[in-house]
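# A structural walkthrough
Spelled out, the chains give:
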Amino acid sequence: MALSIRSLEKLIVDRAEQRTRGGRQPLRTLEYDLRLAAPDGSGRLAFAEFERAVASYAPGAERHALRALYDHHARADVDAPAGPRSFSVDASSFARALFAKEIAPPAAEPPV
């Protein structure tokens, strides 16, 4: 399934909305699931953890599409043990970014 980054983000938001129960906000559902995937509970996800967590929200998404999404949202970890070239996605920032995009109209984007 070839998806653009924007299409993948929309799919993840839709799945978060479907999974949300008990008055919780969909943003918090996504954030919680991503935080659970972080090995130390910090909410910082390397690609392997991000891929596992997001794959449940986007079943069938190809690995290269998940990698493109990760690279789009990843930030350098200057204090990471792996050194200054280490990158991660922060669960809270990622969830907020996806739900903020839901408010704005999507821009045209080529598939990845």
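Quantities reported herein were computed from a predicted structural model and do not represent experimental measurements.

## What to know about the overall build of the protein chain
When you go through the protein chain residue by residue, the secondary structure sums to five helices and three strands. Helices (α) and strands (β) of the protein chain occur, in sequence order from the N terminus, as α-α-β-α-α-β-β-α. The buried share of the protein chain, taken over its 112 residues, is 41%. A separation threshold of at least 6 residues defines the contact pool for the protein chain, and within that pool the share at least 24 residues apart is 61%. Within the structure as shown, the protein chain displays about 6300 Å² of accessible surface, and the carbon and sulfur contribution to it stands at 55%.

## Quick look at the packing of helix α1 (residues 5-19) against helix α4 (residues 63-73)
At a minimum axis separation of 10 Å, α1 and α4 run at an interaxial angle of 90°. Between α1 and α4, the angle falls in the class roughly perpendicular. Residues Ile-5, Leu-8, Glu-9 and Ile-12 of α1 pack against Ala-65, Leu-66, Ala-68, Leu-69, His-72 and His-73 of α4. When grouped by side-chain class, the residues that make up the contact of α1 with α4 number seven nonpolar, two polar and one charged.

## As for the nonpolar core
Counting residues in hydrophobic clusters, the biggest one holds 30 residues, and the most contacted among them are Leu-8, Ile-12, Leu-30, Leu-34, Phe-50, Leu-69 and Phe-94. The set of elements that each furnish at least two residues to this core consists of α1, α2 (26-37), α3 (47-55), α4 and α5 (91-103). Every residue in contact with Phe-94, bar those within four places of it in the chain, is listed here: Ile-12, Leu-30, Leu-34, Phe-50, Leu-69, His-73 and Val-89.

## Looking at the pattern of salt bridges
Here the structure, examined in full by the defined rule, presents seven salt bridges. Its salt-bridge partner being Glu-31, residue Arg-35 comes within 3.6 Å of it at the nearest N-O pair. Separated by four residues within a single helix, Arg-35 and Glu-31 lie in helix α2, roughly one turn from each other. Here the salt bridges do not stand alone but share partners, grouping Arg-28, Glu-31 and Arg-35 into one network.

Parameters at a glance
Residues numbered from 1 in each chain as written. Predicted model: local features only at pLDDT ≥ 70, side-chain atom pairs only at ≥ 80, totals over all residues. Heavy atoms only, no water. Helix = DSSP H or I, 4+ residues; strand = E, 2+ residues; numbered from the N terminus. Buried < 20%, exposed > 50% of the residue type's maximum accessible area, 1.4 Å probe, protein only. Contact = heavy atoms within 4.5 Å. Areas by Shrake-Rupley, 256 points an atom, 1.4 Å probe, with all protein chains shown as cover. Axes fitted to C-alpha atoms, helices over the stretch in contact; angles between N-to-C directions. Parallel < 35°, antiparallel > 145°, perpendicular 65-115°, else oblique. Nonpolar A, V, L, I, M, F, W, Y, C, P; charged D, E, K, R; others polar. Core = buried A, V, L, I, M, F, W, Y, C linked by side-chain atoms within 4.5 Å. Salt bridge = Lys/Arg side-chain N within 4 Å of Asp/Glu carboxyl O.

All quantities given are derived from atomic positions and should not be read as evidence of function.
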